[in-house]
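# Working through the structure, step by step
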Amino acid sequence: MYERKIPVDLSCPLRLTMSLIDSKWKSCILDELRSTSMRPSELHKALPEAAPRVLDIQLKELVDDGLVIKTIYPELPPRSEYSITELGSSLLPILDSMIAWGEKNKALFEKKHGK
């Protein structure tokens, strides 16, 4: 797992929050898990632009941070599912605000990226 060269500034609440969701796909993973548990393959299908290795690493980090829980079922073949925790759910209003801001300012991005 990635280890930060510069420690997180514990005196800054913004940096603390960003340290949990600052990776490219973490907020998208939390958004996908907001209403249902998903198997790894379902998350890979839901986020096809994400490289599988990167998605797996970020899922592990979300589990380590307590935002997502991984449930492994004792079956053959083994089956696992990811679901959002109460702590992870507490970040959803922030994600909702980011989504609303993106929708409100969509024209800016269309102008910048030519679509």
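The coordinates are above.
The present account deals with the structure reproduced in this document.

So, how was this worked out
Residues numbered from 1 in each chain as written. Predicted model: local features only at pLDDT ≥ 70, side-chain atom pairs only at ≥ 80, totals over all residues. Heavy atoms only, no water. Helix = DSSP H or I, 4+ residues; strand = E, 2+ residues; numbered from the N terminus. Buried < 20%, exposed > 50% of the residue type's maximum accessible area, 1.4 Å probe, protein only. Contact = heavy atoms within 4.5 Å. Areas by Shrake-Rupley, 256 points an atom, 1.4 Å probe, with all protein chains shown as cover. Lys, Arg positive; Asp, Glu negative; His and termini not counted. Charge placed at Lys NZ, Arg CZ, Asp CG, Glu CD. Core = buried A, V, L, I, M, F, W, Y, C linked by side-chain atoms within 4.5 Å. Patch = residues over 30% accessible without salt bridge, like charges linked within 9 Å, V, L, I, M, F, W, Y side chains within 5 Å. Salt bridge = Lys/Arg side-chain N within 4 Å of Asp/Glu carboxyl O.

### Remarks on the overall build of the protein
The secondary structure content of the protein amounts to seven helices and two strands. Its C-alpha atoms put the protein at 50 × 40 × 25 Å along the principal axes. Considering the protein as a whole, with its 115 residues, one finds that 27% of them fall into the buried category. For the protein, contacts bridging at least 24 residues in sequence account for 50% of all contacts bridging at least 6. Summed over all atoms, the accessible surface of the protein reaches about 8,300 Å², with 59% contributed by carbon and sulfur. One finds the centroid of the 17 positive side-chain charges in the protein at a distance of 6 Å from the centroid of its 17 negative side-chain charges.

### Some words on the nonpolar core
Grouped together as the largest cluster of nonpolar side chains are 19 residues, with contacts concentrated most on Ile29, Leu30, Leu33, Leu43 and Leu55. Those elements that place two or more of their residues in this core are α2 (26-32), α4 (52-64), β2 (79-84) and α6 (92-104). For Leu55, the contacting residues outside a window of four places in its chain are Trp25, Ile29, Leu43, His44, Leu47 and Ala50.

### Quick notes on a nonpolar patch on the surface
A cluster of nonpolar residues, Trp101, Leu108 and Phe109, forms a patch on the protein surface that exposes about 320 Å² of accessible area. With respect to the helices and strands, Trp101 occurs in helix α6. Looking at Trp101, the relative accessible area reads 47%, which means it is partly exposed.

### Topic: unusual backbone geometry
That bond from Leu76 to Pro77 is cis: its omega, -5°, falls within 30 degrees of zero. Tracing the chain through its elements places Pro77 in the loop between β1 (68-73) and β2.

### Side note on helix α7 (residues 106-113)
When you tally the buried positions in α7, you get zero out of eight residues, a small fraction of the element. One or two steps after α7, the chain reaches Gly114, where phi turns positive at roughly 70°.

### Things to note about the environment of Arg39
Along the chain, the position of Arg39 falls in the loop between α2 and α3 (40-46). Among the residues examined, Arg39 registers a relative accessible area of 34% and is labelled partly exposed. Contact partners of Arg39, with chain neighbours within four places excluded, come to Arg79, Ser80 and Glu81.

### A word on the pattern of salt bridges
Two side chains that carry opposite charge are able to pair once their charged atoms sit near each other. Per the stated rule, a full pass over the model turns up six salt bridges. Among the salt bridges present, the one from Lys60 reaches Asp64, with a minimum N-O distance of 3.1 Å. Linking Lys60 with Asp64, this pair stays in helix α4, spanning four residues, or about one helical turn. In this structure, Arg79 engages Glu75 in a salt bridge whose closest nitrogen and oxygen atoms are separated by 3.2 Å. Taking the relative accessible area as the measure of exposure, Glu75 reaches 35% and is therefore partly exposed.

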